[in-house]
Amino acid sequence: MSLKVIVTGADGQLAQCIKGLYKSHQKAIHFIFVSKDELDITDQNNLGNYFKDHSFDYCINCAAYTNVDGAEDDPETAFLINAEAVGYLAEACQRNKVVLIHLSTDYVFDGTKNEAYTIHDQPNPINVYGASKLEGELKIKEHLEKYYIIRASWLYSDHGKNFLKTIIRKLEMNEDLNIVDTQLGSPTSCYELARFIFFIIISGDLNFGIYHFGTTNSTNWFEFAKRIASYFPSYDGSRIKGVSNFPSRAKRPANSVLSTKEIESIYDRIDSWENSLDKLMKKMLSKQ
Ligand SMILES: NC(=O)c1ccc[n+]([C@@H]2O[C@H](COP(=O)([O-])OP(=O)(O)OC[C@H]3O[C@@H](n4cnc5c(N)ncnc54)[C@H](OP(=O)(O)O)[C@@H]3O)[C@@H](O)[C@H]2O)c1
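Residues numbered from 1 in each chain as written. Predicted model: local features only at pLDDT ≥ 70, side-chain atom pairs only at ≥ 80, totals over all residues. Heavy atoms only, no water.

Participant: Let's hear about the overall build of the protein chain: which residues, and what values?
Facilitator: For the protein chain, the count of helices and strands is 10 helices and 12 strands. Based on the C-alpha atoms only, the size of the protein chain along its principal axes is roughly 55 × 40 × 40 Å. Within the protein chain, the proportion of its 288 residues that are buried is 53%. Considering only contacts within the protein chain whose residues lie at least 6 apart along the sequence, 84% involve residues at least 24 apart. Split by element, the accessible area of the protein chain, about 13500 Å² in all, is 47% carbon and sulfur. Each charge sign in the protein chain was given a centre, from 32 positive and 37 negative side chains, and these centres are 5 Å apart. (Helix = DSSP H or I, 4+ residues; strand = E, 2+ residues; numbered from the N terminus. Buried < 20%, exposed > 50% of the residue type's maximum accessible area, 1.4 Å probe, protein only. Contact = heavy atoms within 4.5 Å. Areas by Shrake-Rupley, 256 points an atom, 1.4 Å probe, with all protein chains shown as cover. Lys, Arg positive; Asp, Glu negative; His and termini not counted. Charge placed at Lys NZ, Arg CZ, Asp CG, Glu CD.)

Participant: Requested: an account of unusual backbone geometry, with residues and values cited.
Facilitator: A negative phi holds for most residues other than glycine; trans holds for most peptide bonds. Residue Lys97 is not a glycine yet carries a positive backbone phi of 55 degrees. Structurally, the position occupied by Lys97 is in the loop between helix 4 (75-95) and strand 4 (99-105). Lys97 sits in the exposed class, given a relative accessible area of 73%. A positive phi angle, close to 45 degrees, is found at Trp154, a residue other than glycine.

Participant: Please set out the environment of Phe213 residue by residue, giving values where relevant.
Facilitator: Assignment of secondary structure puts Phe213 in the loop between strand 10 (209-212) and strand 11 (219-220). Looking at Phe213, the relative accessible area reads 1%, which means it is buried. Sequence separation of Phe213 and Ser259 is 46 residues, and the distance between their C-alpha atoms is 7.5 Å.

Participant: Which residues make up the site of the ligand, and what are the values?
Facilitator: Close to the ligand lie 24 residues, the nearest being Lys36, Asp40, Thr66, Tyr129 and Lys133. One nitrogen or oxygen atom from the side chain of Tyr129 is found 2.7 Å from an oxygen atom belonging to the ligand. Protein chains shield 81% of the accessible area of the ligand, which is 890 Å² for the free molecule. Those elements that provide at least two residues to the shell around the ligand are helix 1 (13-22), strand 4 and helix 5 (128-143). Per-element tally for the shell around the ligand: the top contributor is strand 4, with 3 residues. Grouping the constituent residues of the shell around the ligand by class yields 12 nonpolar, 8 polar and 4 charged. (Near = heavy atom within 4 Å. Polar contact = N/O pair within 3.5 Å; in protein donor to acceptor, adjacent residues only side chain to side chain. Nonpolar A, V, L, I, M, F, W, Y, C, P; charged D, E, K, R; others polar.)

Participant: Can you explain helix 2 (residues 44-53)? Please cite residues and give values.
Facilitator: Inspection of helix 2 places Leu47, Gly48, Tyr50 and Phe51 among the buried residues, and these make up the whole buried set. Seen along its axis, helix 2 keeps its buried residues to an arc of 160 degrees; they face one direction. Away from its buried face, by an angle of more than 90 degrees, helix 2 presents the exposed residues Asn45, Lys52 and Asp53. (Arc of directions from axis to C-beta.)

Participant: Describe in detail the pattern of salt bridges, supporting the description with residues and values.
Facilitator: By the definition in use, this model includes 13 salt bridges. With its nearest N and O atoms 3.4 Å apart, the salt bridge here joins Arg195 to Glu192. With Arg195 and Glu192 both in helix 7 (residues 190-203), this residue pair falls 3 residues apart, about one helical turn. Residue class for Glu192 comes out buried when judged on its relative accessible area of 7%. Overlapping salt bridges bring together Glu192, Arg195, Asp271 and Lys279 as one network. (Salt bridge = Lys/Arg side-chain N within 4 Å of Asp/Glu carboxyl O.)

Participant: An account of the packing of aromatic side chains is requested, with residue identities and associated values reported.
Facilitator: Across all of its chains, the model carries 22 aromatic pairs by this definition. Geometrically, the ring pair formed by Phe51 and Phe56 is edge-to-face, given 5.6 Å between the ring centres and 65 degrees between the ring planes. Here Phe56 falls in the buried class, since its relative accessible area comes to 6%. Between Phe163 and Trp221, the aromatic rings sit 4.7 Å apart at their centres with planes inclined by 45 degrees, giving tilted as the arrangement. Remark: Trp221 occurs in helix 8 (residues 221-229) and Phe163 occurs in helix 6 (residues 163-172); sequence separation between them is 58 residues. Aromatic rings pair up to connect Tyr148, Phe196, Phe199, Phe208, Tyr211, Phe213 and Tyr267 into one cluster. (Phe/Tyr/Trp six-rings, centres within 6.5 Å; stacked < 30°, edge-to-face > 60°.)

Participant: Report on the sheet that holds strand 1 (residues 3-8), specifying residues and quantitative values.
Facilitator: Strand order in this open sheet of 6 strands is 2-1-3-4-5-10, and the pairing throughout is parallel. The sheet terminates laterally at strand 2 (29-34) and strand 10, the two strands that pair on one side only. Ignoring which end each strand starts from, the neighbouring axes of this sheet average 20 degrees apart. (Pairing = 2+ DSSP bridges. Axes fitted to C-alpha atoms, helices over the stretch in contact; angles between N-to-C directions.)

Participant: Can you break down helix 5 residue by residue, with the values?
Facilitator: The first and last C-alpha atoms of helix 5 sit 23 Å apart over 16 residues, in line with the 22 Å expected at 1.5 Å per residue. Residues of helix 5 that are buried in the fold lie against helix 3 (68-73), helix 4, strand 4, strand 5 (147-152) and strand 10. (Expected span 1.5 Å × (residues − 1).)

Participant: A description of the packing of helix 4 against helix 5 should follow, citing residues and the corresponding values.
Facilitator: Between helix 4 and helix 5, whose axes approach to 8 Å, the crossing angle comes to 15 degrees. Comparing the axis directions of helix 4 and helix 5 gives the class roughly parallel. Both helix 4 and helix 5 take part in a crossing whose hand is right-handed. Each of Pro75, Ala78, Phe79, Asn82, Ala83, Glu84, Val86, Gly87, Ala90, Glu91 and Gln94 in helix 4 lies in contact with helix 5, whose residues at this interface are Val128, Tyr129, Ala131, Ser132, Lys133, Glu135, Gly136, Lys139, Ile140 and His143. Here the contact of helix 4 with helix 5 is composed, by residue class, of 10 nonpolar, 6 polar and 5 charged. (Parallel < 35°, antiparallel > 145°, perpendicular 65-115°, else oblique. Left-handed = near helix turned anticlockwise from the far one by under 90°.)

Here it is, written out as structure tokens:
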């Protein structure tokens, strides 16, 4: 019998990538994708009833408030979706024996460490979004025994809103670009992350708890943008300038690289950020 997996926040970029990879796993896993309109995770009653009326083995929670700057102006909504509602979901999973796979963020860290962050490092968020996501992690630990919290960073894909798509749009409009070169991180393809999520489900026996996912190496936003521009030969790459500061409402950690050391012993498909980007760019350009 195939496993039943519900994916919340189905219109988001990660959920769309999971959907894209789903076809190759159709026999082993049966996915149900629910968008915010179909299942609003902040509606505790409806959520509870939905989980009571349907049976699932896993829930992948891709629903989130992801506007990092917007969260500074609207902390209530960020905390409602990223923390309170995650608590409701954890309660529903606990009551109905569903394993929760939840996504969290590198922004739970303050960025003062000189090396990559491991799962043993103490979170200390410096913006509202990071604080709301950390609170969500705590709600899961409070209400649920069987969970995987995957912290990821700098997600991009060919879906939704993300840095890659913003840069491509600006390159196509032939704009000059000023890009921050003082923040270190691991640009992570949602497809690579989706593969790791499949791996967790297919494995079935990995220890519950927190996992850090990312790439084998790290970079900054400026280098990331330059690499994206290298796929657009008609754009003069020297028009991309590195800047130390970019005005934004939310503070961002100077270093939010997540160490993948802990998962390397169980998962051998973690790639460099350059290879992951190459794979996606080739796919995107072949469709044009
Ligand atoms: N994006 C990144 O760089 C990044 C980095 C690290 C970790 N993460 C985490 O990775 C996960 C996936 O991120 P993503 O980039 O795929 O996010 P995304 O594209 O913004 O998708 C989030 C989805 O959740 C939906 N949603 C919002 N409120 C909801 C609610 N109350 N009930 C149900 N659905 C709701 C959104 O719908 P609307 O758009 O209609 O509101 C959107 O479709 C999130 O947990 C995020 O915090 C993201």
